[in-house]
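Notes for the structure review
These are the residues of each chain, in order.
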Amino acid sequence: MDCLFCAIIKGDIPSTKVYEDEYAYAFRDINPAAPTHVLVVPKTHIASIDAVSEENADTVAHVLAAIPKIAAAEGLVNGYRVVSNVGEDGCQSVKHLHFHILGGTKLSEKMA
Ligand code: AMP
């Protein structure tokens, strides 16, 4: 399967890794939308939140559990935002589930 984030996880495409464990991989977004912009992804291919099921919910829970650890390591003591775009209307450009961690400044109140 031709998936950009699978290639990044495998190390075939370089990334700036900030965290890795058995289930999750996190790296800096190449086009940051905030002073801190990290992408957290499952190591196994899940297309989006729309593909989350009973079968992969444990993996997704492990990925979510990595987020506060990454936020703490990034010094986001004042809070942050977690975003996951889904599908066409959600403007998801990479079809591998990812959570954007955005922070390092006071973010816009506007959500969409
Ligand atoms: P989304 O639009 O929600 O699917 O988010 C995809 C994100 O991946 C965007 O914020 C891109 O800037 C980011 N991105 C695309 N290619 C790379 C890459 N090679 N390394 C790091 N981030 C990337």
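The rules we used
- Residues numbered from 1 in each chain as written.
- Predicted model: local features only at pLDDT ≥ 70, side-chain atom pairs only at ≥ 80, totals over all residues.
- Heavy atoms only, no water.
- Core = buried A, V, L, I, M, F, W, Y, C linked by side-chain atoms within 4.5 Å.
- Buried < 20%, exposed > 50% of the residue type's maximum accessible area, 1.4 Å probe, protein only.
- Helix = DSSP H or I, 4+ residues; strand = E, 2+ residues; numbered from the N terminus.
- Disulfide = S-S within 2.5 Å.
- Contact = heavy atoms within 4.5 Å.
- Pairing = 2+ DSSP bridges.
- Phe/Tyr/Trp six-rings, centres within 6.5 Å; stacked < 30°, edge-to-face > 60°.

**What to know about the nonpolar core**
Counting residues in hydrophobic clusters, the biggest one holds 16 residues, and the most contacted among them are Val-40, Ile-70, Phe-99 and Ile-101. Those elements that place two or more of their residues in this core are strand S2 (24–28), strand S3 (36–42), helix H2 (57–73) and strand S5 (99–103). Element by element, the count of residues in this core is highest for H2, at six residues. Among the nonpolar cores identified, the runner-up in size contains nine residues, and Cys-3, Ile-8, Phe-27 and Val-94 belong to it.

**Here's the deal with the state of the cysteines**
Evaluated as defined, the whole model comprises zero disulfides. Here Cys-3 is not cross-linked by a disulfide; its sulfur's nearest cysteine counterpart is in Cys-6, at 3.7 Å.

**Quick word on the side chain of Ser-48**
Topologically, Ser-48 is positioned in the loop between S3 and H2. Non-local contacts of Ser-48, meaning those with residues more than four positions away in its chain, are made with Val-86, Gln-92 and Leu-97.

**So, the side chain of His-96**
Along the chain, His-96 falls in the loop between strand S4 (80–83) and S5. His-96 sits in the buried class, given a relative accessible area of 0%. The residues touching His-96, leaving out its near neighbours within four places in the chain, are Cys-3, Phe-5, Cys-6, Ile-9, Val-41, Pro-42, Thr-44, His-45, Ile-46 and Ala-47.

**A closer look at the pairing of S5**
For S5, the buried fraction is high: five of the five residues fall into the buried class. Along S5, one buried face is formed by Phe-99, Ile-101 and Gly-103 and the opposite face, lined by His-100 and Leu-102, is buried too. Looking at chain direction, S3 and S5 are connected through five bridges and run antiparallel. Across the sheet, the residue bridging to Val-40 is Phe-99, located in S5.

**Some remarks on the packing of aromatic side chains**
Think of a pair of aromatic rings as described by two things: how far the centres are apart, and how the planes are tilted against each other in angle. The full count for this structure, using the stated rule, is two aromatic pairs. With centroids separated by 5.8 Å and ring planes inclined at 40 degrees, the aromatic side chains of Tyr-25 and Phe-27 adopt a geometry described as tilted. Assessed through its relative accessible area of 6%, Tyr-25 is described here as buried. Grouping aromatic residues by their ring pairs yields a cluster made of Phe-5, Tyr-25 and Phe-27.

Shape descriptors only; they carry no functional weight alone.
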